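Observations on chain architecture
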Amino acid sequence: MSFDTLGLSAELLRAVSEQGYSEPTPVQSQAIPVIIQGKDILAGAQTGTGKTAGFTLPLLQHLSGATPVKGRRPVRALILTPTRELAAQVAESVSTYGKYLPLTSTVIFGGVKINPQIQRLRAGVDIVVATPGRLLDHVSQKTLDLSAVEMLVLDEADRMLDMGFIHDIRKILGLLPKRRQNLLFSATYSNDIRKLADKLLDAPVLIEVARRNVPTELVEQVVHPVDRERKRELLSFMVGSQNWRQVLVFTRTKHGANRLSQQLEKDGISSAAIHGNKSQGARTRALANFKRGEVRVLVATDIAARGLDIDQLPHVVNYELPNVPEDYVHRIGRTGRAGNEGQAVSLVCVDEHKLLGDIERLLKRDLSRIVIPGYEPDPAIRAQPIQKGRNGGGKPGSRNGSGQQRGKRSGGGNASGRGRSGASARGGQPKGAAGANRSGNSRRRPASSRSA
Ligand code: AMP
């Protein structure tokens, strides 16, 4: 299959070939012709599948096909994403693929000054890529009019719902013309996603593609059982003794990410944390330094890492297992991509046995457990409950206009201090709780329970 057969214009094909893509990915070959026909789609595809080009190319094609509007150009396409990083990356793709077309685009997210965004909007843009919070700020300041939008893309819709954006999304939908084309991308299908799809989509074509970043044989996965309090020491030891130069480490909470990054620095390992409480500038800097190899260990929460275009990493470490088993797959998809070998290491303490079991069920296989000499777990240590949700409890947060939710932050990590046994040895959650978080109760859960 080649890009030539998908019905794309010469300008788009030229931009695609400059990217060096020889053939469309499965989501591209399925989605592009359908979107060009003007149909709505519901696509099960996540980062790494090539989904961005899958919706951007036909979107550009549609917009470039119509007669140019005289005078100030109305916004004709809106792409919503859950995070600033993803918005920036999608906007970059829009520019890259649209470089030979006379279309204009801009990106809107919080955490940065609003005035430059206002100026760009005033000049007139065809395509807006945005996180929901700042987009609504612009609408309320009357610096953005969405009444001429012909195409709407919800990218990573499941994440948007998980992050508590449903109310913002509903508000935005109310601002759009009734007649429009809708493209919904989601890595998972919860009841909430289904409800949103029912409301939003008109006779959608369903597209489901296998995850390109499903753990493959190229990713060596290993579990190192270790005590809760000795994880940091073990991580420093592994980074140092094996001379790992570029490691992406995942924690469950922002607080945990900060603390770990500081401790690694104290151990003499250059490190930076990346999460939603950091300013946009700090996040961009941390990522750039990591990519350049100046920062050896980048500590990230799941949401912050989501959408980051860092892949082909040699080492990914689960410092804490995710509450949602699918996140494990997302995390380790950062390594071993594009034919490179990678290693995904999970440091697992007694609190996390239930989470590990959930992950192994999802993967349909057991992961090998290797105890590192000197770090044998102490069998006398009892499991402690892991806080439910992403970041423990917390009241629903106010929007910070950044595409992230801000809320009361509860303590970092899993140690609430109550020694428990029995059910708590499986994480202190009712059976299936982690899955339930993922699949449908995001409205009942405080928005702030997702930590970015
Ligand atoms: P995405 O899933 O949209 O985040 O894309 C993941 C990565 O795949 C990006 O780095 C793209 O540049 C790359 N990519 C997208 N389409 C193709 C393609 N047809 N062939 C090779 N790489 C691609």
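Each remark here, short or long, concerns the structure printed above.
Now for a description of the structure that goes with this document. Predicted model only: the values in this text are computed from it and were never measured. (Residues numbered from 1 in each chain as written. Predicted model: local features only at pLDDT ≥ 70, side-chain atom pairs only at ≥ 80, totals over all residues. Heavy atoms only, no water.)

Turning our eyes to something else, we now look at helix H5 (residues 115–123). Among the residues of H5, those classed as buried are Gln 117, Ile 118 and Leu 121. One face of H5 carries all of its buried residues, which in axial projection span an arc of 100°. Turned more than 90 degrees away from the buried face of H5, the exposed residues are Gln 119, Arg 122 and Ala 123. Looking at the packing, one finds that the buried side of H5 touches strand S3 (105–108), strand S4 (127–130) and helix H6 (132–140). (Buried < 20%, exposed > 50% of the residue type's maximum accessible area, 1.4 Å probe, protein only. Helix = DSSP H or I, 4+ residues; strand = E, 2+ residues; numbered from the N terminus. Arc of directions from axis to C-beta. Contact = heavy atoms within 4.5 Å.)

Here the idea is simple: oppositely charged side chains can pair when their charged atoms come close. Counting across every chain of the model gives 19 salt bridges. Between Arg 252 and Glu 352 there is a salt bridge whose closest N-O contact spans 3.3 Å. Note that Arg 252 is positioned in the loop between strand S9 (247–250) and helix H11 (254–266) and Glu 352 in the loop between strand S13 (342–348) and helix H15 (353–363), a separation of 100 residues in sequence. The partner of Arg 331 in a salt bridge is Asp 302, with the nearest N and O atoms 2.7 Å apart. A residue pair is termed long-range when its members are at least 10 positions apart, and Arg 331 in helix H14 (residues 325–332) and Asp 302 in helix H13 (residues 302–305) qualify at 29 residues. Accessibility classification places Arg 331 together with Asp 302 in one group, the buried group. In the salt-bridge network here, residues are joined through shared partners; they are Lys 51, Asp 155 and Glu 156. (Salt bridge = Lys/Arg side-chain N within 4 Å of Asp/Glu carboxyl O.)

At a minimum axis separation of 10 Å, H6 and helix H8 (residues 166–175) run at an interaxial angle of 45°. The pairing of H6 with H8 is recorded here as oblique in orientation. The way H6 lies across H8 gives a crossing that is left-handed. Across from Pro 132, Gly 133, Leu 135, Leu 136 and Val 139 in H6, the residues of H8 making contact are Asp 168, Lys 171, Ile 172 and Leu 175. Across the contact of H6 with H8, the residue classes break down as six nonpolar, one polar and two charged. (Axes fitted to C-alpha atoms, helices over the stretch in contact; angles between N-to-C directions. Parallel < 35°, antiparallel > 145°, perpendicular 65-115°, else oblique. Left-handed = near helix turned anticlockwise from the far one by under 90°. Nonpolar A, V, L, I, M, F, W, Y, C, P; charged D, E, K, R; others polar.)

With that out of the way, let us pick up the environment of His 315. Relative to the helices and strands, His 315 is located in strand S12 (residues 315–318). With relative accessibility at 13%, the residue His 315 sits in the buried group. Through-space distance from the C-alpha of His 315 to that of Val 249 is 8.5 Å; in sequence the pair is 66 residues apart. When near neighbours in sequence (up to four residues on either side) are disregarded, His 315 contacts Trp 244, Gln 246, Val 247, Leu 248, Thr 335 and Gln 343. Within polar-contact distance, the side chain of His 315 engages the side chain of Trp 244 at 3.4 Å. Engagement of the side chain of His 315 in a polar contact is seen with the side chain of Gln 343, the distance being 3.2 Å. (Polar contact = N/O pair within 3.5 Å; in protein donor to acceptor, adjacent residues only side chain to side chain.)

Around the ligand, 15 residues are found, and the nearest of them are Tyr 21, Gln 28, Gly 48, Gly 50 and Thr 52. A distance of 2.9 Å is found between a nitrogen atom of the ligand and a backbone nitrogen or oxygen belonging to Glu 23. Here the ligand has 490 Å² of accessible area as a free molecule, and 75% of this is covered by the chains. Looking at the shell around the ligand residue by residue, the class counts come to three nonpolar, eight polar and four charged. (Near = heavy atom within 4 Å. Areas by Shrake-Rupley, 256 points an atom, 1.4 Å probe, with all protein chains shown as cover.)

Among the 11 residues in H15, eight count as buried, and that is most of the element. Following H15 by one or two positions, Lys 364 has its phi on the positive side, about 60°.

Our next topic: the sheet that holds strand S1 (residues 41–44). Taken in spatial order, the seven strands make up an open sheet running S3-S4-S2-S5-S6-S1-S7, and their pairing is parallel. The outermost strands of the open sheet, each flanked by one partner alone, are S3 and strand S7 (205–208). Averaged over all adjacent pairs, the angle separating strand axes in this sheet is 15°, with direction ignored. Looking at chain direction, strand S2 (residues 77–80) and S4 are connected through four bridges and run parallel. By the bridge assignment for S4, Ala 77 is matched with Ile 127. Along the sheet, helix H9 (residues 191–200) makes contact with S1, strand S5 (151–154) and strand S6 (181–186), crossing S6 at roughly 170°. (Pairing = 2+ DSSP bridges.)

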